[in-house]
Amino acid sequence: MIDFHTHLDLYPNALEILPKVNELNQFTLAVTTSPRAWIATSKVFSNYSNIRVALGLHPEIADAKRDETELFLDCIAKTKFIGEIGIDGSPRFARTVSLQESIFEQIIRTSARNGGKILSVHTRGATSKVLSILERFPAAGTVILHWFSGSVKELEKAIALGCWFSIGPSMINSNTGKLLSEKMPINRILPESDGPFSSRNNKPIMPWEAISITEELSRVWKVPKSEANDTICNNYWQFMEINNLV
Ligand code: MN
């Protein structure tokens, strides 16, 4: 099993499920919401070789964590994985969009200066803003757009920029998500749970359940489920190879 975007530190029973996640998943990218959380979580998760912790500053809390921007930039040199970062332009967070943009741009610029990183990026309601910053810093690294919800035109631009896409059960089970997935290059899709914030039947989606997207993907791609599984598995190995992680 594989999960490229989970808030593993925020599950109510995080410490209890860690060994199980490490055992069932060959790879889990645990994104964080602030650099302080990244420092603390990295310590606790360091014994689990299949779990990587990404340095994050969630755009929804940009205002509350703005004082941690410098700390974030200082930490970039120490990690290969960055996320969750990005911009949220939905009405609730519109007030802080220019702050979010400024933080995001500084992170992307610094990632480019540090040889490029693997970045898990949030784009809700702000896809064009995110893409135009990414376009200016092609050396920023390998970008995975998490739960992409932009327009088809924005999707085309993201594809042209070389972005990857992480898709979760909630996204693939929505009509928009299905339509967008259909237009994504099949070799640039990875699974994500986005748990514990994403849930099914009132239960948070677990990191080992992210792979269940292959059920719906097999319908989207009109192939048997085993083939959809193989594709996602190949994508994972391809991703690891391109990024020198194997
Ligand atoms: Mn998330």
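Before any of the text, the structure's been laid out above.
Caption draft 1: Just the overall build of the chain, in detail. From N to C terminus, the chain includes 11 helices and 10 strands. Relative to the 2.2 N^0.38 estimate, which gives 18 Å for 246 residues, the radius of gyration of the chain is 17 Å and therefore close to what a compact globule would have. Viewed in the frame of its principal axes, the chain has a C-alpha envelope of about 50 × 40 × 35 Å. By residue count, 54% of the 246 residues in the chain fall in the buried class. Residue pairs in contact within the chain that sit at least 24 positions apart in sequence constitute 68% of those at least 6 positions apart. Total accessible area on the chain is roughly 11000 Å²; 49% of this is exposed by carbon and sulfur atoms.

Caption draft 2: The sheet that holds strand 1 (residues 2-6), seen in detail. Strand order in this open sheet of three strands is 1-2-3, and the pairing throughout is parallel. Edge positions in the sheet fall to strand 1 and strand 3 (51-54), since each has one partner strand and no second. The sheet shows a mean angle of 15° between the axes of neighbouring strands, taken without regard to direction. Sheet topology places strand 2 (residues 27-31) next to strand 3; four bridges connect them, and they run parallel. Counterpart to Ala30 in the pairing with strand 3 is Val53. Across the sheet, helix 2 (residues 35-45) touches strand 2 and strand 3, and the angle it forms with strand 3 is around 170°.

Caption draft 3: Highlighting the coordination of the manganese ion. Distances from the manganese ion to its protein donors, namely His5 (NE2), His7 (NE2), Glu84 (OE) and Asp194 (OD), fall within the range 2.3 to 2.4 Å. Donor residues for the manganese ion, ordered by position in the chain, follow H-x1-H-x76-E-x109-D. Residue His7 is found in the loop between strand 1 and helix 1 (14-24), and its partner Glu84 is found in strand 4 (residues 81-86); the two are separated by 77 residues along the sequence. For the pair His7 and Glu84, one class covers both residues: buried.

Caption draft 4: Broad picture of the packing of aromatic side chains. Going through the model one piece at a time under the given rule, you end up with eight aromatic pairs. Relative to Phe27, the ring of Phe4 lies with its centre 4.8 Å away and its plane at 40°, an arrangement referred to as tilted. Placement of the pair is Phe4 in strand 1 and Phe27 in strand 2, with a sequence separation of 23 residues. Each member of the pair, Phe4 as well as Phe27, is classed as buried. Following the ring pairs from residue to residue traces out a cluster consisting of Phe4, Phe27, Phe81, Trp164, Tyr236, Trp237 and Phe239.

Caption draft 5: Focus on the packing of helix 10 (residues 213-221) against helix 11 (residues 225-242). Following both chains from N to C, one finds helix 10 and helix 11 inclined at 105°, their axes separated by 8 Å at the closest point. With respect to their mutual orientation, helix 10 and helix 11 come out roughly perpendicular. Of helix 11, the residues touching helix 10 (which contributes Thr214, Glu215, Leu217, Ser218 and Trp221) are Lys225, Ala228, Asn229, Thr231 and Ile232. Of the residues contributing to the contact of helix 10 with helix 11, the split by class is four nonpolar, four polar and two charged.

Caption draft 6: Spotlight on the pairing of strand 2. Within strand 2, five of the five residues are buried, which leaves it mostly tucked inside the rest of the structure. Of the two faces of strand 2, both are covered, the one formed by Phe27, Leu29 and Val31 as well as the one formed by Thr28 and Ala30. For strand 1 and strand 2, the ladder comprises three bridges, and the chain directions are parallel. Residue pairing across strands places Asp3 opposite Thr28, the latter belonging to strand 2. As for the winding sense of the linkage, the β-α-β connection from strand 1 through helix 1 to strand 2 is right-handed. Handedness of the β-α-β unit built from strand 2, helix 2 and strand 3 comes out right-handed.

Caption draft 7: Expanded view of the packing of helix 5 (residues 97-113) against helix 6 (residues 127-136). For the pair helix 5 and helix 6, the least separation of the axes is 10 Å and the interaxial angle reads 25°. Classed by the angle they form, the pair helix 5 and helix 6 counts as roughly parallel. For the crossing formed where helix 5 meets helix 6, the hand is right-handed. Each of Val97, Glu101, Phe104, Glu105, Ile108 and Arg109 in helix 5 lies in contact with helix 6, whose residues at this interface are Lys129, Val130, Ile133, Leu134 and Arg136. Taken together, the residues of the contact of helix 5 with helix 6 sort by class into six nonpolar, no polar and five charged.

Rules of the game
Residues numbered from 1 in each chain as written. Predicted model: local features only at pLDDT ≥ 70, side-chain atom pairs only at ≥ 80, totals over all residues. Heavy atoms only, no water. Helix = DSSP H or I, 4+ residues; strand = E, 2+ residues; numbered from the N terminus. Rg over C-alpha atoms; globule rule 2.2 N^0.38 Å. Buried < 20%, exposed > 50% of the residue type's maximum accessible area, 1.4 Å probe, protein only. Contact = heavy atoms within 4.5 Å. Areas by Shrake-Rupley, 256 points an atom, 1.4 Å probe, with all protein chains shown as cover. Pairing = 2+ DSSP bridges. Axes fitted to C-alpha atoms, helices over the stretch in contact; angles between N-to-C directions. Donors = N, O, S within 2.8 Å, 3.2 Å for Na, K, Ca; no water. Phe/Tyr/Trp six-rings, centres within 6.5 Å; stacked < 30°, edge-to-face > 60°. Parallel < 35°, antiparallel > 145°, perpendicular 65-115°, else oblique. Nonpolar A, V, L, I, M, F, W, Y, C, P; charged D, E, K, R; others polar. Right-handed = clockwise from strand over helix to strand, strands pointing away. Left-handed = near helix turned anticlockwise from the far one by under 90°.

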